[in-house]
Each structure stands twice: as structure tokens, then as C-alpha cells.
Amino acid sequence: MELHHKMHKKLTLICFTFIMATTIFLPNTLVYGAAANNTSIYDDVAEVTDKKTVLTRGNFLNYGTITLTRIDIMKIRITGDVAAHKVCDKLGLSLSLEKSSDGEYFESYRQWQFTKENDSFFWKGLELIVPGKQWYRLRGSHIAIIGSEGESVSTLTKRLYVN
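This structure is a prediction, so every number in the text was calculated from the model and none was measured. (Residues numbered from 1 in each chain as written. Predicted model: local features only at pLDDT ≥ 70, side-chain atom pairs only at ≥ 80, totals over all residues. Heavy atoms only, no water.)

(A) Focus on the overall build of the protein. Of regular secondary structure, the protein possesses one helix and seven strands. Helices and strands appear in the protein in the N-to-C order α-β-β-β-β-β-β-β. The burial tally for the protein puts 34% of its 163 residues in the buried class. When contacts within the protein are restricted to residue pairs at least 6 apart in sequence, long-range pairs at least 24 apart make up 61% of them. (Helix = DSSP H or I, 4+ residues; strand = E, 2+ residues; numbered from the N terminus. Buried < 20%, exposed > 50% of the residue type's maximum accessible area, 1.4 Å probe, protein only. Contact = heavy atoms within 4.5 Å.)

(B) Representation of the pattern of salt bridges within the structure. Summed over all chains, the structure comprises seven salt bridges. Arg137 is the salt-bridge partner of Glu98, the closest N and O atoms lying 2.6 Å from each other. Here the residue Glu98 occupies a position in strand 3 (residues 75-100), and Arg137 occupies one in strand 5 (residues 134-146), the gap between them amounting to 39 residues. A relative accessible area of 8% places Glu98 in the buried class. Of the charged contacts in the structure, one is a salt bridge between Asp119 and Lys116, with a shortest N-O distance of 2.9 Å. On the accessibility criterion, Asp119 (22% relative accessible area) is partly exposed. Salt bridges here are not isolated pairs; linked through shared partners, they connect Lys75, Arg77 and Glu127. (Salt bridge = Lys/Arg side-chain N within 4 Å of Asp/Glu carboxyl O.)

(C) Broad picture of the side chain of Ser100. Structurally, Ser100 is set in strand 3. Since its relative accessible area comes to 2%, Ser100 is described here as buried. Here Gly103 takes part through its backbone nitrogen, which lies 2.8 Å from a polar atom of the side chain of Ser100. Engagement of the side chain of Ser100 in a polar contact is seen with the backbone oxygen of Tyr105, the distance being 2.9 Å. Apart from residues lying up to four places away in sequence, Ser100 is in contact with Tyr105, Phe106, Gln134 and Trp135. (Polar contact = N/O pair within 3.5 Å; in protein donor to acceptor, adjacent residues only side chain to side chain.)

(D) Region of interest: the side chain of Asp81. Among the secondary structure elements, Asp81 is positioned in strand 3. No salt bridge is formed by the buried Asp81; its nearest oppositely charged neighbour, Lys51, is found at 7.2 Å. In contact with Asp81, other than residues within four places in its own chain, are Tyr63, Gly64, Thr65, Leu93, Phe121, Phe122, Trp123 and His142. (Lys, Arg positive; Asp, Glu negative; His and termini not counted.)

(E) A nonpolar patch on the surface, seen in detail. A grouping of Ile73, Met74 and Ile129 is seen on the molecular surface, where their side chains present a nonpolar patch of about 310 Å² in accessible area. Here Met74 is to be found in the loop between strand 2 (61-72) and strand 3. Residue Met74 is classed as partly exposed on the basis of its relative accessible area of 35%. (Patch = residues over 30% accessible without salt bridge, like charges linked within 9 Å, V, L, I, M, F, W, Y side chains within 5 Å. Areas by Shrake-Rupley, 256 points an atom, 1.4 Å probe, with all protein chains shown as cover.)

(F) Focus on the nonpolar core. Among the nonpolar cores identified, the biggest contains 26 residues, and Leu68, Ile76, Ile78, Leu95 and Leu97 are the most heavily contacted of them. Of all elements in the fold, only strand 2, strand 3, strand 4 (107-129), strand 5 and strand 7 (160-162) reach the threshold of two or more residues within this core. The element contributing the most residues to this core is strand 3, with nine residues. If sequence neighbours within four positions are ignored, Ile78 has contacts with Thr67, Leu68, Leu95, Leu97, Trp112, Lys124, Gly125, Leu126, Leu128 and Leu138. (Core = buried A, V, L, I, M, F, W, Y, C linked by side-chain atoms within 4.5 Å.)

(G) Fine view of the packing of aromatic side chains. Throughout the structure, instances matching the rule amount to two aromatic pairs. Judged by centre distance (6.1 Å) and plane angle (65°), the rings of Tyr109 and Tyr136 are edge-to-face. Remark: Tyr136 occurs in strand 5 and Tyr109 occurs in strand 4; sequence separation between them is 27 residues. On the basis of relative accessibility, which here comes to 29%, the residue Tyr109 falls in the partly exposed class. Residue class for Tyr136 comes out buried when judged on its relative accessible area of 0%. In this structure, Lys51 packs its charged tip against the face of Tyr63, placed 4.2 Å from the ring centre. (Phe/Tyr/Trp six-rings, centres within 6.5 Å; stacked < 30°, edge-to-face > 60°. Lys NZ or Arg CZ within 6 Å of the ring centre and 35° of its normal.)

Quick look at the structure:
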């Protein structure tokens, strides 16, 4: 029984060491390999997202999330949501799609504002045809209002290339 316990501990230690080494070294290899080719590890992804959670005590805004998805050539989907801990007088969602020809300097391309009253969750999604051969990113503003008090959080996705 003692021998079995020692072998189990040794096997657990080996597995843990392997998992830690993979976690530490694999991402660095991808980043360095991508940087050597002057491309980003995000260049070939089809979806980028950002979520911000409000962690302060006593707040009524819980989180805001945005997602930018490439669904076809020159076609994207944008989604955003606002979640509150309780029913709010008003929930607001502002989405701003930004574009860039070089992936570094972005300018505002299109904007939308949506509101919903007397609710604790609000989601909105749009599908768009956009010019190809461009980089896009999505910026969001998520607002919850109760009475005269309001809370907000901002989100921003990484860039996404659209053919």
C-alpha cells in the first residue's frame, strides 16, 4: 500500500510538471513564431470577444460583453449584451465598429445605440456586409440606470481580418 501511494504521488507530480511546462512554454512559442513572420496570433481567428464584469460591492451592473465574428467573405456578426443584478429602469448598449487598412490605426466605421427599459438583461445582434481586405474591431459601452444613478463599463475586442 505504501509503494502504491508513493507511485501515485510521483505520477501526479510528473503530470503536474508537464501541464505547467506546457502552459508556460507553449504560448511563448506561438507568440515568438508568429512575431518572426510579422503576423499576429490573432490574424487567422474567426471570432474575437471581450467581457468586463463589475466587481464592486453594491453595484447593480453585472457585466457587458461584445463579440465580433467573421461568418463569410465580407460578412460579419456583431453582438453585445448588458446584464444587471436586478431589474433596472434602463439598460443601454452602444456598439461602435472600427476599421483599419493596416491593422494598427483604427477609425470609426459605424455606430449603433440600443436601449431597453425595466429589465435586467439585454442582448442585441446584427449581421453586416462590410468592405473586404480590412481589419475590424468592436467597441462597446454597457450602461445600467436605476433612478438617477447609472453604472457603465466599456469593452473593446482585438482586431479581426475580413477578406
